[in-house]
Amino acid sequence: MREDVMPSGGERTAYFDHLKVFEYFMLTIIHTASYQWYTADINSAQWLVLNFYKSVTRPCVLVFFIISGALLLGRDIPLRTIYRKYVLKFAICFIVWDIIYAVITYWNDGIGGIVFKIFNSNYHLWYLLAMIGIFICFPLIRLIAENKKTMKYFMILSFIFAFFLPTLFKILTGFGSPALVHYADMIFSHFYDMHMEVVLGYPFFFIGGYYIHKYGLDMVPRRILYALGIISMIAGPLINALYVRKIGFPEDTFSNNFMLHEMFIAFAVFTFFKYNVRGNAFTGRVCRKISSWGLGIYMVHDLVILGLNRFLGLNATVFNPIFAVPVISLITLIICVIISAVLNLIPGVNKYLV
């Protein structure tokens, strides 16, 4: 049985497989909506629809970190295995897919364009580098996860310095008066001078996923988390729309992985699936199989989105985006599943690239 953690394979826990398939669909939605989000009229209803889809689905990749942590932090994985099985695989995967995307997307620009693209990798390949960083630090992260109190302490510090303060600072500087921006910058610069990098980054999601999976959440914390997730699904698109209207062009200031609203959505979705989604024998088998093809789905999905637009004219605004985004995203996902299934049959490719 494969034990990939990006974002496929691993031990057979029903809600993991169902959640992964759901997040693959969210992945195709965010990137289907994103291309036209940057080009549509920001004052149009069409753009608002794209903004909603883009905002509420953006945390999908964060859920992959959460699942990976839930799957792996309970295991005593030797350092040699970490480097040979995970770091090496993600490094090879990154290099090869970086070249593939550069050649396909910049073919018409010649060698110079291809080389430029190789050193400015396709946007979604960042995940592979982030996972390499996670696995390099895995023995240290696992030490934190061995003690419940230490995990809580780490998550509290991460919440404050990686999510709460950066979100607050961006809101103050994005919507405040010049004087408020000036003083906020002076105050928050002191926090950044503390250099709390040890509790900044994706290990928060890794450890948080393991904590919820192992210890669970009582009903009251769950309900609070669900409420925060729903509020975030409203507040995220709203704040982003207000800021874009304010500056006059689409900008991702309030759409990044360390905004409070995106973190709340990611953990709320994970927790909901843990406690509410079991499926049946048929959906379990289907989701298990699709889950095992997850890395390939992730790797090829942007090529499929680009291809549908370039060769068939299918994109998020080809008709009403309320319907176009999910329909085209579903088509994209189906094609990606087929491609990944085929790639997983090829020796060598199935070991290092999907």
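For the structure itself, look to the data block above.
Fair warning: this is a prediction, and the values are worked out from it, not measured in the lab.

Trainee: Any details on the overall build of the protein chain? Residues and values, ideally.
Mentor: Check the secondary structure of the protein chain and you find 16 helices and zero strands. Compactness check: the protein chain gives a C-alpha radius of gyration of 20 Å against a globular reference of 20 Å for 354 residues, within 12% of the reference. For the protein chain, the spread of C-alpha atoms along the three principal axes comes to 60 × 50 × 45 Å. Of all 354 residues assigned to the protein chain, the portion counted as buried reaches 52%. Considering only intrachain contacts with a sequence separation of at least 6, the fraction spanning at least 24 residues in the protein chain is 82%. Carbon and sulfur atoms form 70% of the exposed surface of the protein chain, whose accessible area is close to 16400 Å². Here the protein chain contributes 28 positively and 18 negatively charged side chains, and the mean placements of these two sets differ by 10 Å.

Trainee: Break down the nonpolar core for me, citing the residues and quoting the values.
Mentor: In this structure, Phe65, Trp97, Phe135, Phe205 and Phe270 are the most contacted members of the largest nonpolar core, which totals 105 residues. Each residue touching Phe65, except ones within four places of it in the same chain, is listed here: Trp126, Tyr127, Ala130, Met131, Ile134, Tyr202, Phe205 and Phe206.

Trainee: Please provide a residue-by-residue account of the side chain of Thr271, values included.
Mentor: If you trace the backbone, Thr271 turns up in helix α12 (residues 260-276). Residues within four places of Thr271 in sequence aside, it is in contact with Ile212, Leu217, Arg222, Leu225 and Tyr226.

Trainee: Before we move on, can you summarise helix α3 (residues 60-72) with the specific residues and values?
Mentor: The first and last C-alpha atoms of α3 sit 19 Å apart over 13 residues, in line with the 18 Å expected at 1.5 Å per residue. Across the 13 residues that make up α3, a large majority, 13, are buried.

Trainee: Outline the packing of aromatic side chains, listing residues and values.
Mentor: Overall, the coordinates contain 39 aromatic pairs when judged by the stated rule. Their ring planes at 40° and their centres at 5.8 Å tell us that Tyr24 and Phe64 sit as a pair that is tilted. Separated by 40 residues along the polypeptide, Tyr24 in helix α1 (residues 14-37) and Phe64 in helix α3 bring together distant segments of the chain. Given the relative accessible area of 1%, Tyr24 is considered buried.

Trainee: If you had to explain the environment of Cys336 to someone new, which residues and values would you point to?
Mentor: Counting through the fold element by element, Cys336 comes out in helix α15 (residues 321-343). Residues within four places of Cys336 in sequence aside, it is in contact with Ile297, Val300, His301 and Val304.

Trainee: Pulling in residues and values, what's your account of the pattern of salt bridges?
Mentor: Tallied over the entire structure, the rule returns three salt bridges. Between Lys54 and Asp252 there is a salt bridge, with the nearest N and O atoms lying 2.7 Å from each other. Within this pair, whereas Lys54 is found in helix α2 (residues 45-57), its partner Asp252 is found in the loop between α11 (219-247) and α12, the two being separated by 198 residues in sequence. Judged by its relative accessible area of 2%, Lys54 falls in the buried class. Overall, the relative accessible area of 23% leaves Asp252 in the partly exposed class.

Trainee: Requested: an account of the packing of helix α6 (residues 126-136) against helix α7 (residues 138-145), with residues and values cited.
Mentor: Running from N to C, α6 and α7 point in directions that differ by 65°, and their axes come no closer than 5 Å. Counting all contacts with α6, which are made through Ile134, Phe135 and Ile136, the residues of α7 involved are Phe138, Pro139 and Ile141. Of the residues assigned to the contact of α6 with α7, the class counts are six nonpolar, no polar and no charged.

Trainee: Got a sec to walk through the state of the cysteines? Specific residues and values, please.
Mentor: With the rule as written, the count across this model stands at zero disulfides. Counting only cysteine sulfurs, Cys336 is the nearest neighbor of Cys60, a cysteine outside any disulfide, at a range of 13 Å. The exposure class of Cys60 is buried, given its relative accessible area of 2%. In this structure Cys93 is not part of a disulfide, and its nearest cysteine sulfur, from Cys336, lies 14 Å away.

Trainee: So, unusual backbone geometry: which residues are in play, and what are the values?
Mentor: Here His195, not a glycine, exhibits a phi torsion of approximately 50°, which is positive. In this structure, His195 sits in the loop between α9 (178-193) and α10 (203-215). Owing to a relative accessible area of 53%, His195 belongs among the exposed residues under this scheme.

Trainee: Before we move on, could you go through a nonpolar patch on the surface and cite the residues and values that matter?
Mentor: A grouping of Val318, Phe319, Ile322, Phe323, Val327 and Ile331 is seen on the molecular surface, where their side chains present a nonpolar patch of about 500 Å² in accessible area. As for its placement among the helices and strands, Phe319 is situated in the loop between α14 (294-312) and α15. Under the relative-accessibility criterion, Phe319 is labelled partly exposed at 38%.

Trainee: Give a detailed account of the packing of helix α4 (residues 79-105) against α14, specifying residues and quantitative values.
Mentor: Packing of α4 against α14 brings their axes to within 12 Å, and their N-to-C directions diverge by 10°. One element, α4, and the other, α14, form an angle in the roughly parallel class. Taken together, the residues of α14 that come into contact with α4 (itself represented by Lys89, Cys93, Trp97, Ile100, Tyr101, Ile104 and Thr105) are Leu295, Met299, Val300, His301, Asp302, Leu303 and Leu306. Along the lines of polarity and charge, the residues of the contact of α4 with α14 split into ten nonpolar, two polar and two charged.

Conventions and cut-offs
- Residues numbered from 1 in each chain as written.
- Predicted model: local features only at pLDDT ≥ 70, side-chain atom pairs only at ≥ 80, totals over all residues.
- Heavy atoms only, no water.
- Helix = DSSP H or I, 4+ residues; strand = E, 2+ residues; numbered from the N terminus.
- Rg over C-alpha atoms; globule rule 2.2 N^0.38 Å.
- Buried < 20%, exposed > 50% of the residue type's maximum accessible area, 1.4 Å probe, protein only.
- Contact = heavy atoms within 4.5 Å.
- Areas by Shrake-Rupley, 256 points an atom, 1.4 Å probe, with all protein chains shown as cover.
- Lys, Arg positive; Asp, Glu negative; His and termini not counted.
- Charge placed at Lys NZ, Arg CZ, Asp CG, Glu CD.
- Core = buried A, V, L, I, M, F, W, Y, C linked by side-chain atoms within 4.5 Å.
- Expected span 1.5 Å × (residues − 1).
- Phe/Tyr/Trp six-rings, centres within 6.5 Å; stacked < 30°, edge-to-face > 60°.
- Salt bridge = Lys/Arg side-chain N within 4 Å of Asp/Glu carboxyl O.
- Axes fitted to C-alpha atoms, helices over the stretch in contact; angles between N-to-C directions.
- Nonpolar A, V, L, I, M, F, W, Y, C, P; charged D, E, K, R; others polar.
- Disulfide = S-S within 2.5 Å.
- Patch = residues over 30% accessible without salt bridge, like charges linked within 9 Å, V, L, I, M, F, W, Y side chains within 5 Å.
- Parallel < 35°, antiparallel > 145°, perpendicular 65-115°, else oblique.

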